[in-house]
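Tertiary structure, described
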Amino acid sequence: CAINIGEQLLVSGAEISRVEDTIRRICNAYGIRQSHIFSIASCIIVTLETKERKWITQTRRILSYGTDMWKLDRLNDLSRRICATQPSFAVIDQEYEKILKGPTYSPAVQCGIYAMTAGAFAIFFGGNLWDGFASLFVGALIRVTLYALSAIKLKAIFSNILCSLISGMACILVCYLGIGQHVEMIMIGNIMLLIPGLMSTNAIRDVLIGDTLSGIIRLIAALLLAAALALGFMGAILLFRRLGL
């Protein structure tokens, strides 16, 4: 139960220290003699010594992670209640399953959020209302493209390259069709949807609090995704420049 909660915390965007501390506190609440927890962004290893002096080790491989503040809040609340009341494992599993089946935004709502965010950023960085309007279409296209690429289980770096290439081409096309007026502002507005800003922030935070290895891994991943993003937009610009658009 402890490693399940720790895994979901990590998948939902929790910092490494929170994951390790949560697992340790839950184990201590149930009388574990020793608990040794090691976690990085892609793996959790837990070794315990029980009351009967038996050693148990379990490893979890984390294949993907993102940000889900709703789950983080509920998992934190569940872990605190576990430490305070020591409920049965059946009760913990029931509460855990409820959190996993928590509410999510529908694809249509997510497309709308992406569109509005892209439009707002385009105007914020100096574009006019036409640029913001054009960014709406590209932002929605980015969400649809990400859905399609996730359905075929494409790796994140290749997904970023393809998504940025397609969105870069769309930015140029909406200006060519006369919907937008400043392609650079439309591109900036949509780049903001793909930049791994939270990942790089988490990486720096991990380094500052002493989880150096995890921080370096996350920072390298963020830099690679940013490079893939730049490569995709650059490819779109060069392609249309050759076409004379």
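Remember, predicted model here, so these are calculated numbers, not experimental data.

**Looking at the pattern of salt bridges**
On inspection of all chains with the given rule, the structure shows eleven salt bridges. Residue Arg-218 pairs with Asp-206 through a salt bridge whose shortest N-O separation is 2.9 Å. Of this pair, Arg-218 sits in helix α10 (residues 212-242) while Asp-206 is found in helix α9 (residues 197-208), placing the two residues twelve residues apart along the sequence. Salt bridges linked by common partners bring Asp-77, Arg-81, Glu-95 and Lys-98 together as one network.

**Focus: the packing of helix α2 (residues 16-29) against helix α3 (residues 69-85)**
Relative orientation of the contacting elements α2 and α3 amounts to 25°, with a least axis distance of 9 Å. The angle between α2 and α3 falls in the class roughly parallel. Considering only the axes of α2 and α3, their crossing is left-handed. Only Asn-76, Ser-79, Ile-82 and Cys-83 of α3 make contact with α2, whose side of the interface consists of Arg-18, Thr-22, Arg-25, Ile-26 and Ala-29. Tallied by class, the residues present in the contact of α2 with α3 amount to four nonpolar, three polar and two charged.

**Topic: the packing of aromatic side chains**
Overall, the coordinates contain five aromatic pairs when judged by the stated rule. The interplanar angle of 20° and the centroid separation of 6.0 Å between the aromatic rings of Phe-121 and Phe-125 together place this pair among those described as stacked. Look at Phe-124 and Phe-125: their rings are 5.2 Å apart centre to centre, the planes differ by 80°, and that puts the pair in the edge-to-face class. A relative accessible area of 62% means that Phe-124 is categorised as exposed. Residue class for Phe-125 comes out partly exposed when judged on its relative accessible area of 34%. In textbook terms, an aromatic cluster arises when at least three aromatic residues are bridged by ring pairs, as seen for Phe-121, Phe-124 and Phe-125.

**A look at the packing of helix α5 (residues 107-124) against helix α6 (residues 129-151)**
Helix-helix packing is described using two parameters, namely the angle between the two axes and the distance between the axes. Between α5 and α6, the shortest axis-to-axis distance is 7 Å and the interhelical angle comes to 140°. Considering their axes alone, α5 and α6 lie oblique with respect to each other. Note on packing geometry: the crossing formed by α5 with α6 is right-handed. Contacts from Pro-107, Gln-110, Cys-111, Tyr-114, Ala-115, Met-116, Ala-118, Gly-119, Ala-122 and Ile-123 in α5 reach Leu-129, Asp-131, Gly-132, Ser-135, Leu-136, Gly-139, Ala-140, Ile-142, Arg-143, Val-144, Leu-146 and Tyr-147 in α6.

Rules used throughout
Residues numbered from 1 in each chain as written. Predicted model: local features only at pLDDT ≥ 70, side-chain atom pairs only at ≥ 80, totals over all residues. Heavy atoms only, no water. Salt bridge = Lys/Arg side-chain N within 4 Å of Asp/Glu carboxyl O. Helix = DSSP H or I, 4+ residues; strand = E, 2+ residues; numbered from the N terminus. Axes fitted to C-alpha atoms, helices over the stretch in contact; angles between N-to-C directions. Parallel < 35°, antiparallel > 145°, perpendicular 65-115°, else oblique. Left-handed = near helix turned anticlockwise from the far one by under 90°. Contact = heavy atoms within 4.5 Å. Nonpolar A, V, L, I, M, F, W, Y, C, P; charged D, E, K, R; others polar. Phe/Tyr/Trp six-rings, centres within 6.5 Å; stacked < 30°, edge-to-face > 60°. Buried < 20%, exposed > 50% of the residue type's maximum accessible area, 1.4 Å probe, protein only.

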